[in-house]
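Structure at a glance
Okay, here's what each chain looks like letter by letter:
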Amino acid sequence: MKAASPAEPAAPPVAACETCDVYRAAKLKKLGVTVDRWDYVVALAGNPNTGKSTVFNALTGLRQHTGNWPGKTVTRAEGGFAYADKRFKVVDLPGTYSLLSTSTDEEVARDFLLFGKPDVTVIVVDATRLERNLNLAFQVIEITDRVVICLNLMDEAERHGLKVDARQLARDLGVPVVPTAARRGQGLPLLLETIEGVASGRLTCRPNRWQREPTALREPLAEVGEHLRQAFPGLPNRRWVALRLLGGDTHIIKALRQGELGGKGGEGDIGEWKAALEAARQWRQRLPGDPHEQVVEAIYGEAARLAERAVARPAGGHRPTLDQAIDRVVTSRVWGFPVMALLFAVMLWITITGANVPSSLLASVLVDHGHAWLRAAAEAGGFPWWLRGLLVDGMYLATAWVVSVMLPPMAIFFPMFTLLEDFGYLPRVAFNLDKWFSRAGAHGKQAMTTMMGFGCNAAGVVSTRIIDSPRERLIAIITNNFALCNGRWPTQFLIAAIFIGGLAPAHLAGLVSAAAVAGIALLGVALSLVVSWALSRTFLRGEVSTFSLELPPYRPPRFWQTLYTSLIDRTLFVLWRAVVFALPAGAVIWLSANLKVGGASVAEHLIAWLDPVGVAIGLNGVILLAYIVAIPANEIIIPTVLMLTVLNTGAAGVGQGAGVMFELDSPGAVKALLTQGGWTLLTGINLMLFSLLHNPCSTTIYTIYKETGSKRWTAVATLLPLALGFLVTFLVAACWRRL
């Protein structure tokens, strides 16, 4: 693969072996995040779904997860590499379609290009969607001369029968164009050499900037641009700034006033830059139509012209592709939702049935043998009984339970979820749900944040940053808890297997249990829509925003890389968070069971006090207390319930003492103990509902406060699902008892 570049002639020819990809790649040293010093800064820009993060990973060695929907890179990621004895810092900017709007991701990208002044800006474009991607390229070229076009996904273009002339594109744009297929590593060595050449000045770019502005804008651009030239002679992107002033961009106006763009700290020709602002204001009032829309339309027209010159399409007309054939089914009004529900149920069934054996093995190692060994070691070390109990029976055992119960389902569910994301199916889920969220008065991107919430609600809350409207983002934050997070799956799986699956024949028990859990998950989505609708028409009224959701092409999932990233980025991260919060929860549980007041433990007093409320809503005091003491980690609800049940009933021969969580050999033994504690089918059903509808865990609550900065909305997001939980379980219990 050869780079297409209109730049000045390179250095004298070198030996043939030094021009091959193997030699170039050998000079690359991936630095990850260890970039304490650097010679050059490289900005990585591009539309969503162009493989930008894949290029970033290939250059730096980091494992930033590559998402297949807009907004995956909400804030910029940084890494580094060394090449040709120079150190490069790489900044992966958020995927964005434009620099002309004011969304968060577009502002992050634009501000870094303007104020960060990178030595090279690499624009990753999709070779199969060149017309749409060149829109951003034109805008970046307006800001900086030092640009390299990474013409990515050439393998997919070839698969679709497209032939892209990189040399023609380079001549039209006036900057180097390097064809690549980043997923396969093709073209990346040549991209490295081109980046180094532009950064060092060995290659000089002469960009052909967009010149076909609308006729109505030529005089305004000339006048405003001349004022800017007089005020800031060193301003390198004068025409682009003039365009933004005519568009009324308040961010650029502020930057000019503060001297961030002019480079004079606000001490330039004050009369001239004020004249530029005044001229732009007057022209905005006199110009017909919206200048912003005129500019966008003209840029897209120029992009279409260049794409037509560079791309040769197959003869014989357009034929439906495999992607389109699949989309006819998975995004169909008739089949889209059934396929989504079936696929979701299959994933849950695989998770339920596949997690049993590894969970048992981990429990045997950590709980049966590890707990016994530590207890014996503490006794041999002369630890007083209370210290031994607090550390070993409380803190360690709670943590061991979290790991053994939580790790296997996550290690199965997250890779499957990530494979679907890598394949490109999850954006179709967002597409199917978009119209429902819009009808509910919420932003269409809330469908994406809800999907993230199924892994971890704290991560789902953070992901709401992709929503630009503060009102709609707040709705997404408040309702994210209705997505069943990973910590609640073990409770759902066990209770469904014991109480729901037990109603069906043995060979159908797994499927029935999976269907029950899937039903609870879908109920959470429905409640998210209902609550969003209610909030958007009461406390959070406003106009619904629109957004563009690009459906990426289907791509073969990279199994081993996906397995690695899902285990590191999601499974172990969430597991570590659970472990950190499980330690203090274990201490609280042990203390409540062993501190005596009036001859009974604190836990027994609390159970007796909470029991009337619990029974009224189809639960019991044990369950309510378990949810209070286990607020740091939903993963320890079941072991806490078992321990408190033994403590409350005085069951003989079960457990290892007050405050000591334990496991039982089979679901049948668990059901027998719970039945002894007064549990019925109603208790099991309402526990599944209450597991969906209760307050977020402490990590999510803290995350909500950090994201909103409001105690009021944090309280609303915490108490609203809890109130709904009490209401729904009370209504179910009342109807049940009438039957």
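**Things to note about the overall build of the protein**
A tally of regular secondary structure across the protein gives 29 helices and 11 strands. Of all 739 residues assigned to the protein, the portion counted as buried reaches 56%. Looking at the protein alone, contacts between residues at least 24 apart form 77% of all its contacts between residues at least 6 apart. Here the protein displays about 31000 Å² of accessible surface, and carbon together with sulfur accounts for 61% of that area.

**Topic: the pattern of salt bridges**
Taken as a whole and judged by the stated rule, the model has 12 salt bridges. The salt bridge partner of Asp 92 is Lys 52, with a shortest N-O separation of 2.6 Å. A residue pair is termed long-range when its members are at least 10 positions apart, and Asp 92 in strand E4 (residues 86–92) and Lys 52 in helix H2 (residues 52–60) qualify at 40 residues. Like Asp 92, the residue Lys 52 is buried in the burial classification. Notably, a salt bridge pairs Glu 707 with Arg 473, separated by 2.3 Å at the nearest N-O pair. Of this pair, Glu 707 sits in helix H28 (residues 698–708) while Arg 473 is found in helix H19 (residues 470–479), placing the two residues 234 residues apart along the sequence. Arg 473 matches Glu 707 in its accessibility class, with the two residues each being buried.

**A short note on the packing of helix H20 (residues 489–500) against helix H27 (residues 681–692)**
Close contact between H20 and H27 brings their axes to 10 Å; oriented N to C, the two are set at 160°. For the element pair H20 / H27, the angle class is roughly antiparallel. Handedness of the H20/H27 crossing: left-handed. Taken together, the residues of H27 that come into contact with H20 (itself represented by Thr 491, Gln 492, Ile 495, Ala 496, Phe 499 and Ile 500) are Leu 681, Gly 684, Ile 685, Leu 687, Met 688, Ser 691 and Leu 692. Looking at side-chain class alone, the contact of H20 with H27 contains 9 nonpolar, 4 polar and no charged residues.

**Quick word on the pairing of strand E5 (residues 120–126)**
The buried fraction of E5 is high, at 7 of 7 residues. Both faces of E5 are covered, namely the face carrying Val 120, Val 122, Val 124 and Asp 126 and the face carrying Thr 121, Ile 123 and Val 125. Relative to E5, strand E2 (residues 40–46) is paired through 5 bridges, and the arrangement is parallel. Among the inter-strand pairings, Gly 46 is bridged to a residue of E5, identified as Val 124. Direction of pairing for E5 relative to strand E6 (residues 147–152): parallel, over a ladder of 6 bridges. Bridge assignment links Val 124 to a residue of E6, and that residue is Cys 150. In this view, the connection linking E5 to its parallel neighbour E6 by way of helix H4 (residues 130–143) has right-handed handedness.

**Things to note about unusual backbone geometry**
Residues other than glycine seldom take positive phi values, yet Ala 84 does so here, at roughly 55°. Mapped onto the elements of the fold, Ala 84 is located in the loop between strand E3 (77–83) and E4. You will see that Asp 85, though not glycine, has its phi angle at about 65°, which is positive. Checked against the element boundaries, Asp 85 lands in the loop between E3 and E4.

**Things to note about the side chain of Thr 96**
Along the chain, Thr 96 turns up in the loop between E4 and helix H3 (104–116). For Thr 96, the residues in contact, after removing those within four places along its chain, are Gly 46, Asn 47, Pro 48, Glu 106, Ala 109 and Leu 136.

**So, the pairing of E2**
With 7 of 7 residues buried, E2 is to be regarded as a mostly interior element. Residues Tyr 40, Val 42, Leu 44 and Gly 46 point to one face of E2 and Val 41, Ala 43 and Ala 45 to the other, with burial holding for every one of them. Pairing of E2 with E4, which is carried by 5 bridges, proceeds in the parallel orientation. Bridge pairing in E4 places Val 42 opposite Val 90.

**What about the packing of aromatic side chains?**
For the structure on display, the rule yields 7 aromatic pairs. Ring centres of Tyr 40 and Phe 88 lie 5.3 Å apart, and the angle between their planes is 40°; on these two criteria the pair is classed as tilted. Remark: Phe 88 occurs in strand E4 and Tyr 40 occurs in strand E2; sequence separation between them is 48 residues. An identical accessibility class is assigned to Tyr 40 and Phe 88; each is buried. Joined through ring pairs, the aromatic side chains of Tyr 40, Phe 81 and Phe 88 make up one cluster. The lysine or arginine in question, Arg 712, covers the ring of Trp 713, its NZ or CZ lying 4.6 Å from the ring centre.

**Some details on the state of the cysteines**
Throughout the structure, instances matching the rule amount to 0 disulfides. Unpaired in terms of disulfides, Cys 697 finds its nearest cysteine sulfur in Cys 485, a separation of 6.1 Å.

**Re H27**
In this model, H27 (12 residues) spans 17 Å end to end at C-alpha, consistent with the 16 Å of a helix rising 1.5 Å per residue. Looking only at H27, the buried set comprises Leu 682, Thr 683, Gly 684, Asn 686, Leu 687, Met 688, Leu 689, Phe 690, Ser 691 and Leu 692. Each element contacted by the buried residues of H27 is listed here: H20, helix H21 (509–536), helix H24 (621–629) and helix H29 (711–738).

**Concerning a nonpolar patch on the surface**
Together, Leu 342, Val 346, Trp 349, Ile 350, Leu 508 and Leu 511 line one region of the surface with nonpolar side chains, adding up to about 510 Å² of accessible area. For the nonpolar patch, the element with the most residues is helix H14 (residues 336–380), which contributes 4 residues. Turning to its location among the elements, Leu 508 is positioned in the loop between H20 and H21. Taking the relative accessible area as the measure of exposure, Leu 508 reaches 34% and is therefore partly exposed.

**Remarks on the packing of H27 against H29**
The description of two packed helices rests on the angle between their axes and on the distance between the axes. In the contact formed by H27 and H29, the axes pass within 9 Å of each other and the chain directions differ by 155°. By the angle between their axes, H27 is roughly antiparallel relative to H29. Pair H27 / H29 crosses with right-handed handedness. Between H27 and H29, the contacting residues are Leu 681, Leu 682, Ile 685, Asn 686, Leu 689 and Phe 690 on the first element and Leu 722, Gly 725, Phe 726, Val 728, Thr 729, Val 732, Ala 733, Trp 736 and Arg 737 on the second. Considered class by class, the residues forming the contact of H27 with H29 number 11 nonpolar, 3 polar and 1 charged.

**Some remarks on the side chain of Asn 135**
Of note, Asn 135 is situated in helix H4. At a separation of 3.0 Å, a polar atom in the side chain of Asn 135 contacts the main-chain carbonyl oxygen of Tyr 97. Sequence-distant contacts of Asn 135, defined by excluding residues within four places in its chain, comprise Tyr 97, Ser 98, Ile 299, Tyr 300 and Ala 303.

**Re helix H8 (residues 215–231)**
The end-to-end C-alpha separation of H8 is 25 Å, in line with the 24 Å expected for 17 residues at 1.5 Å each. Every buried residue of H8 is listed here: Leu 217, Pro 220, Leu 221, Val 224, Gly 225, His 227, Leu 228 and Ala 231.

**Observations regarding the confidence of the model for the protein**
When pLDDT is averaged across the protein, the result is 79; 82% of the residues are at 70 or more. Contacts of residues 7–16 to residues separated by more than four positions or lying in other chains number 9 contacts, the stretch itself having pLDDT below 50. Here residues 65–74 is modelled with pLDDT under 50, and outside its nearest four sequence neighbours on either side it reaches 50 contacts, counting other chains as well.

**With respect to the environment of Val 55**
Structurally, the position occupied by Val 55 is in helix H2. A relative accessible area of 0% means that Val 55 is categorised as buried. Sequence separation between Val 55 and Asp 92 is 37 residues, and the spatial gap between their C-alpha atoms is 9.4 Å.

**Observations concerning the environment of Glu 107**
Within the element layout of this structure, Glu 107 appears in helix H3. On a C-alpha basis, the gap between Glu 107 and Pro 94 in space is 9.3 Å, while along the polypeptide they are 13 residues apart.

Thresholds, definitions, all that
Residues numbered from 1 in each chain as written. Predicted model: local features only at pLDDT ≥ 70, side-chain atom pairs only at ≥ 80, totals over all residues. Heavy atoms only, no water. Helix = DSSP H or I, 4+ residues; strand = E, 2+ residues; numbered from the N terminus. Buried < 20%, exposed > 50% of the residue type's maximum accessible area, 1.4 Å probe, protein only. Contact = heavy atoms within 4.5 Å. Areas by Shrake-Rupley, 256 points an atom, 1.4 Å probe, with all protein chains shown as cover. Salt bridge = Lys/Arg side-chain N within 4 Å of Asp/Glu carboxyl O. Axes fitted to C-alpha atoms, helices over the stretch in contact; angles between N-to-C directions. Parallel < 35°, antiparallel > 145°, perpendicular 65-115°, else oblique. Left-handed = near helix turned anticlockwise from the far one by under 90°. Nonpolar A, V, L, I, M, F, W, Y, C, P; charged D, E, K, R; others polar. Pairing = 2+ DSSP bridges. Right-handed = clockwise from strand over helix to strand, strands pointing away. Phe/Tyr/Trp six-rings, centres within 6.5 Å; stacked < 30°, edge-to-face > 60°. Lys NZ or Arg CZ within 6 Å of the ring centre and 35° of its normal. Disulfide = S-S within 2.5 Å. Expected span 1.5 Å × (residues − 1). Patch = residues over 30% accessible without salt bridge, like charges linked within 9 Å, V, L, I, M, F, W, Y side chains within 5 Å. Polar contact = N/O pair within 3.5 Å; in protein donor to acceptor, adjacent residues only side chain to side chain. pLDDT = per-residue confidence, 0-100.

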